[in-house]
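Okay, here's what each chain looks like letter by letter:
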Amino acid sequence: MKTVWRQSAEEYIKLASENPDLLSSVDDNPYVNQMERLIEDLLWLPENRVVAVSSATTGMVAILRALGIGKDDEVIVPAFSWGQTLDPVLEVGAIPVFVDIEPDGVNIDLSRIEEHCGIRTKAIIVTELFGIPLDWMRLHEIAEKTGLYTIVDSAQSFGSLHWGQMPTAMVFSFGRGKLICGGEGGAIAVNSANLYDAVLLTSQHPIRAMQNLQADIPYELIDSISPNARIHPFSAVLIHSQITEYRKNLCKYHYFIIKMRRQLEDAGLKPVPIPSESSQSPKVIPILTEDPDDLKEFCYEFGWEVNSCCQKPLVFSPTVKNLQFMPVLKYIGFRQRHIKVRHTSDEYPNTIRTSRSLYLVNPFTDAPQTYSSQKTDDNLIHSYQNL
């Protein structure tokens, strides 16, 4: 994969040195377009459903704005996630509504969402942490019953396999540490042509938006809108080359991640469960355990790394606790904006338990290791070492 990555980069640099316009995505750029079409194909979507952006975070802001979500609207969010799941909600002035995560899991408890929807609730943001897919069939049922938009923060789950209907929108990350890495960058995938147009307006330069819009909109209405959350074409080149290589080995990748999960289960070390007919993306395997020594001893025999995830739950972050957007600004003399949040539980027991007992198994380390041929497949392991 590194060879393909390098060849694509070198070819792009050579062409861009002759045509500097290829370094910009202010307007239509062939490399950005190719990346978007490739993701649409991978997701079985029609053309004009994916828009490349500078990051998953800016993509989340863009989709919220595109859906018209703003001041005092409520958005369901998981109690356990990264700050980048919460920040876009606060950025548009909406009110986060925290829901506990599932027992023995890392993602939001879908069974508890409906009871916490109110008259001002407009959307549900769910994360797929560490590549663990959600039950899209259940999520679609909730959307049908409540009429809410469903937004999946798929920053860590590109490559996961799902069973069910696509949500309103998905947001991917291709930054550092992801399965597919362009250095920087992300993408928004949407389920309708109208939403595609809206996302163009809330994420791209006006010139590109005007060139790609399917609706007939006067330019003077677009000219003042310039969020410029666009991807750099060089990142698009790197992402395209890696997705192309990934597709060639898709079945092998998922076979291997399923095999490793079963090895852990057979040893009494239960990975975080996934929905039936689904498969997590092959990067790390999250495990909840009260005895990490047994986990580390087992993984040591395979040469697999084990890392603790000492992440403070989102619901207990200083931002939520102090009800201030970007409280760090006070340390450099600037005033913060006060925010509102709505809680759905006083304790969030599942979130607390997960934050204390979550460990990540990384079978795809680049470090040289000695593997037992009786317990794992050396050829498959080495095919993963460049992920």
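From a predicted model like this one, the values you see are computed outputs, not experimental measurements.

J.: Can you help me understand the overall build of the protein chain in this one?
T.: On a plain count of helices and strands, the protein chain comes out with 14 helices and 13 strands. Its C-alpha radius of gyration of 21 Å places the protein chain within 12% of the 21 Å reference for a compact globule of 387 residues. On the principal axes, the C-alpha backbone points of the protein chain span a range of 65 × 55 × 45 Å. With an accessible surface of roughly 17800 Å², the protein chain has 50% of that area assigned to carbon and sulfur atoms. Within the protein chain, the 47 negative side-chain charges are centred at a point lying 4 Å from the centre of the 35 positive side-chain charges.

J.: Looking at this model, I keep getting lost on the sheet that holds strand 9 (residues 305-308). Mind explaining?
T.: Strand pairing within a sheet occurs via backbone hydrogen bonds; the two strands may be parallel or antiparallel. Strand order in the open sheet formed by 3 strands is 8-13-9, and the pairing between neighbours is antiparallel. Whereas interior strands pair on both sides, the edge strands pair on one side only; in this sheet they are strand 8 (285-288) and strand 9. On average, each strand axis in the sheet is inclined to that of its neighbour by 30°, with strand direction left out of account. Most of the contacts of helix 11 (residues 292-302) go to strand 13 (residues 358-362), to which it runs at about 0°, and overall it touches strand 8, strand 9 and strand 13.

J.: Whenever I open this one, the layout of surface pockets confuses me. Can you help?
T.: The gaps left among the atoms become clear once a water-sized probe is rolled over them. What the largest pocket holds in volume is close to 530 Å³. Of all the elements in the fold, those that place two or more residues in the lining of the largest pocket are helix 3 (56-66), helix 4 (83-91) and strand 5 (149-154). The element best represented in the lining of the largest pocket is helix 3, accounting for 3 residues. Of the residues belonging to the lining of the largest pocket, the class tally is 10 nonpolar, 14 polar and 6 charged. Every residue lining the second largest pocket is counted, 17 residues in all, and those nearest its centre are Leu42, Leu43, Ser160, Leu161 and His162. When grouped by side-chain class, the residues that make up the lining of the second largest pocket number 12 nonpolar, 5 polar and no charged.

J.: Please explain the sheet that holds strand 1 (residues 50-53) as it appears in this structure.
T.: Taken together, 8 strands build an open sheet; the order of strands is 1-7-6-5-4-2-3-12 and the sheet is mixed. The open sheet has two free edges, formed respectively by strand 1 and strand 12 (342-343), since each of these has just one partner strand. Bridge count between strand 3 (residues 95-99) and strand 12: 2 bridges; the pairing is parallel. Bridging across to strand 12, Val97 finds its partner in Arg342. Contacts from helix 4 reach strand 2 (74-78), strand 3, strand 4 (121-127) and strand 5, with the element oriented near 145° to strand 3. Along the sheet, helix 6 (residues 193-203) contacts strand 1 and strand 7 (186-190); its crossing angle with strand 1, the most-contacted strand, is approximately 15°.

J.: Would you mind going over the environment of Gly333 with me for this structure?
T.: Turning to its location among the elements, Gly333 is positioned in the loop between strand 10 (324-325) and strand 11 (337-338). Among the residues examined, Gly333 registers a relative accessible area of 67% and is labelled exposed. When the C-alpha positions of Gly333 and Glu184 are compared, they lie 31 Å apart, and in sequence the two are 149 residues distant.

J.: I tried to follow the pairing of strand 2 on my own but got confused; where do I start?
T.: Consecutive residues of a regular strand have side chains that alternate between opposite faces of the sheet. Burial runs high along strand 2: 5 of the 5 residues are buried. Of the pairings in the sheet, the one linking strand 2 to strand 3 comprises 5 bridges and is parallel in character. Paired with Val77 across the two strands is Phe98, which belongs to strand 3. You can see the chain leave strand 2, run along helix 4 and come back into strand 3, and the turn it takes is right-handed. When strand 2 meets strand 4, the two strands line up parallel, connected through 3 bridges. Across the sheet, Val75 pairs through a bridge with Ala123, a residue of strand 4.

J.: Any chance you could explain a nonpolar patch on the surface here in plain terms?
T.: Residues Met326, Val328, Tyr331, Ile332 and Phe334 make up a contiguous nonpolar surface patch of about 590 Å² in total accessible area. Structurally, Met326 can be placed in the loop between strand 10 and strand 11.

J.: How should the packing of aromatic side chains be read in this particular structure?
T.: Scanning all chains against the criterion turns up 10 aromatic pairs. On the numbers, 5.2 Å between centres and 85° between planes, the contact of Phe158 with Phe172 is edge-to-face. Linking Phe158 in the loop between strand 5 and strand 6 (169-173) with Phe172 in strand 6, this pair joins segments that are 14 residues apart in sequence. The burial state of Phe158 is the same as that of Phe172; both residues are buried. Ring centres of Phe158 and Phe174 lie 5.3 Å apart, and the angle between their planes is 75°; on these two criteria the pair is classed as edge-to-face. You can see Phe158 sitting in the loop between strand 5 and strand 6 and its partner Phe174 sitting in the loop between strand 6 and strand 7, a full 16 residues away along the chain.

Reading the values: rules and limits
- Residues numbered from 1 in each chain as written.
- Predicted model: local features only at pLDDT ≥ 70, side-chain atom pairs only at ≥ 80, totals over all residues.
- Heavy atoms only, no water.
- Helix = DSSP H or I, 4+ residues; strand = E, 2+ residues; numbered from the N terminus.
- Rg over C-alpha atoms; globule rule 2.2 N^0.38 Å.
- Areas by Shrake-Rupley, 256 points an atom, 1.4 Å probe, with all protein chains shown as cover.
- Lys, Arg positive; Asp, Glu negative; His and termini not counted.
- Charge placed at Lys NZ, Arg CZ, Asp CG, Glu CD.
- Pairing = 2+ DSSP bridges.
- Axes fitted to C-alpha atoms, helices over the stretch in contact; angles between N-to-C directions.
- Contact = heavy atoms within 4.5 Å.
- 1 Å grid on protein atoms, 1.4 Å probe; cavity = no way out; pocket = protein on both sides within 12 Å on 5 of 7 lines; lining within 4 Å.
- Points joined across faces, edges and corners; volume = space filled by probe spheres on them.
- Nonpolar A, V, L, I, M, F, W, Y, C, P; charged D, E, K, R; others polar.
- Buried < 20%, exposed > 50% of the residue type's maximum accessible area, 1.4 Å probe, protein only.
- Right-handed = clockwise from strand over helix to strand, strands pointing away.
- Patch = residues over 30% accessible without salt bridge, like charges linked within 9 Å, V, L, I, M, F, W, Y side chains within 5 Å.
- Salt bridge = Lys/Arg side-chain N within 4 Å of Asp/Glu carboxyl O.
- Phe/Tyr/Trp six-rings, centres within 6.5 Å; stacked < 30°, edge-to-face > 60°.

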